[in-house]
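# Coordinate inspection notes
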Amino acid sequence: MAESRYLPVPDGLVGERVDAALARMLGLSRSRVAELAEAGNVLMNGAAIGKSVKLERDAVLEVTIPEERVFEVEPTPVEGFEIVYQDADVIVVDKPVGVAAHASPSWEGPTVLGALLAAGYPITTSGAAERQGIVQRLDVGTSGLMVVAQSEMAYSVLKQAFRDRTPKKTYHTLVQGHPDPSAGTIDAPIGRHPGADWKMAIRQDGRHSITHYETLEMMPRATLLKVGLETGRTHQIRVHMSAIKHPCVGDVMYGADPKLATRLGLTRQWLHAVELSFTHPRSREWVTFTSEYPEDLARALEELRG
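Residues numbered from 1 in each chain as written. Predicted model: local features only at pLDDT ≥ 70, side-chain atom pairs only at ≥ 80, totals over all residues. Heavy atoms only, no water.

## Things to note about the pattern of salt bridges
Note the cut-off: Salt bridges are defined as contacts in which a side-chain nitrogen from Lys or Arg sits within 4 Å of a carboxyl oxygen from Asp or Glu. Numbering of helices and strands runs from the N terminus; a helix is a DSSP stretch of H or I covering at least four residues, while a strand is a stretch of E covering at least two. We call a residue buried when its accessible area falls under 20% of the maximum for its residue type, exposed when it is over 50%, and partly exposed in between, using a 1.4 Å probe and counting protein chains only.
Enumeration according to the criterion identifies 14 salt bridges in this entry. Salt-bridge contacts for Asp89 lead to Arg282; the nearest nitrogen and oxygen are separated by 2.7 Å. Of this pair, Asp89 sits in the loop between β5 (82–86) and β6 (90–95) while Arg282 sits in the loop between β14 (271–279) and β15 (286–290); the two residues are 193 residues apart in sequence, bridging distant segments of the chain. Classification of Asp89 as buried rests on a relative accessible area of 3%. Salt-bridge contacts for Arg221 lead to Asp257; the nearest nitrogen and oxygen are separated by 3.7 Å. Of this pair, Arg221 sits in the loop between β12 (210–218) and β13 (222–229) while Asp257 sits in the loop between α5 (236–243) and α6 (258–264), and the two are 36 residues apart along the sequence. Through salt bridges with shared partners, a single network forms among Asp139, Arg238 and Asp251.

## What about the nonpolar core?
One broad rule of soluble globular proteins: the nonpolar side chains tend to lie buried together. Note the threshold: Residues belong to a common nonpolar core when they are buried Ala, Val, Leu, Ile, Met, Phe, Trp, Tyr or Cys residues joined through side-chain atoms within 4.5 Å. We call two residues in contact whenever any of their non-hydrogen atoms come within 4.5 Å of each other.
With 27 residues, the main nonpolar core has Val112, Leu116, Tyr171, Ile237 and Met241 as its most contacted residues. Counting only elements with at least two residues in this core, the list comes to β6, α3 (112–118), β7 (143–149), β8 (168–176), β13, α5 and β14. With 4 residues, the single largest contributor to this core is α3. With residues near it in sequence (within four places) discarded, Ile237 still touches Tyr171, Thr173, Val227, Leu229, Cys248 and Leu271.

## A few points about the packing of aromatic side chains
How two aromatic rings sit relative to each other is given by the distance of their centres and the angle of their planes. Note the threshold: Note on aromatic contacts: the rings of Phe and Tyr and the six-membered ring of Trp form a pair at centre separations within 6.5 Å, being stacked when their planes are under 30 degrees apart, edge-to-face when over 60 apart, and tilted otherwise.
Taken as a whole and assessed by the stated rule, the structure comprises 3 aromatic pairs. One aromatic cluster is present, formed by Tyr85, Phe278 and Phe289 through successive ring pairs.

## Observations regarding helix α4 (residues 152–164)
Note the following rule: To estimate the expected span of a helix, count its residues, drop one, and scale the result by 1.5 Å.
Look at α4: 18 Å from first C-alpha to last across 13 residues, which is about the 18 Å you get at 1.5 Å a residue. The inward-facing, buried residues of α4 abut β6, β7, β8 and β14. Immediately beyond the C-terminal end of α4, within one or two residues, lies Arg165, with a positive phi of roughly 65°.

## So, the pairing of β12
Rule in force here: Paired strands are those between which DSSP finds at least two bridges.
Across 5 bridges, the pairing between strand β9 (residues 183–187) and β12 is antiparallel. Its bridge partner lying in β12, Ile186 is registered against Thr211. In the sheet, β12 pairs with β13 via 7 bridges, with the strands oriented antiparallel. Within β13, the residue paired with Thr211 across the bridge is Leu229. Counted along the chain from β12 to the antiparallel partner β13, the turn is 3 residues long.

## With respect to the pairing of strand β11 (residues 196–202)
The pairing of strand β10 (residues 190–193) with β11 spans 4 bridges and is antiparallel. In the strand pairing of β11, Ile190 is matched with Ile202. Linking two consecutive strands that pair antiparallel, namely β10 and β11, is a turn of 2 residues.

## Quick notes on the sheet that holds strand β2 (residues 42–44)
Here is the rule: To get an axis, a line is fitted to the C-alpha atoms, and for a helix only the part in contact is used. The angle between two axes follows their N-to-C directions and goes from 0 to 180 degrees.
One open sheet accounts for 4 strands, arranged β1-β4-β2-β3; its pairing is antiparallel. Two strands lie at the open edges of the sheet, namely β1 (3–8) and β3 (47–48), each paired on one side alone. On the sheet, helix α1 (residues 18–26) packs against β1, β2 and β4 (60–65) and is oriented at approximately 105° with respect to β1. Each of β2 and β4 touches helix α2 (residues 30–38); the most contacted strand, β4, lies at about 95° to it.

Right under this line is the structure:
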């Protein structure tokens, strides 16, 4: 059952950001408050507000905290799930499309954690029950490389490394048309879409988001890009490519041509995490792993080349 709290804004917190102020007032983490705000569960004087809004004098906040659902990780074999590397501290996996990093209220399908348990790989108990060992995520519809912590030490070190943005994540994406310039940087804040909470959008009150891209190959109707991220927001590459009018091929949610997607046999965005590099938490060596395109993306690419 959801809990609602009504909180007059204290004079000492007037002008503070919502996420920082409520974290102090309610004893929650700033990220948890941000999640509540993004879901529309934080109101000021009756109007929903974002996490970065400044608190006003004499205002009243209404915060609805939904009851958290507890998930159990069920061992679930996943076809095409590949272990790229494994030791006592980390597991690097090549995630197929249609698999989430972990369970959530909006996803009941296969997960990386469930696939690891089904394959007999232990994972750390660090983190929430449904996210144990998860230090990074990939969208359900995006394939490619992910690292999962297998020891508590690795979880702590890698979690901080991803916060500090020291790992290097490289993606390849096939986009419609030909971006001009052929290489560049997209700097635009991303937040929840105002009309659909399962989508993201460019928003002035969104989170700072930076994407770098460069052209690898041009075809008559599309361009193959190499993409690097300075930040790791939900749907970041997809939203940024759509924002410059070159959506990822097959990504009909963000404006791609559905006829082209059908012709290519794509049921998801053409986006793959091809390379992942990070400092190993125990050896402190810089390690790099790579992944080939899966069959559906390789086939669509050859079709467009032809």
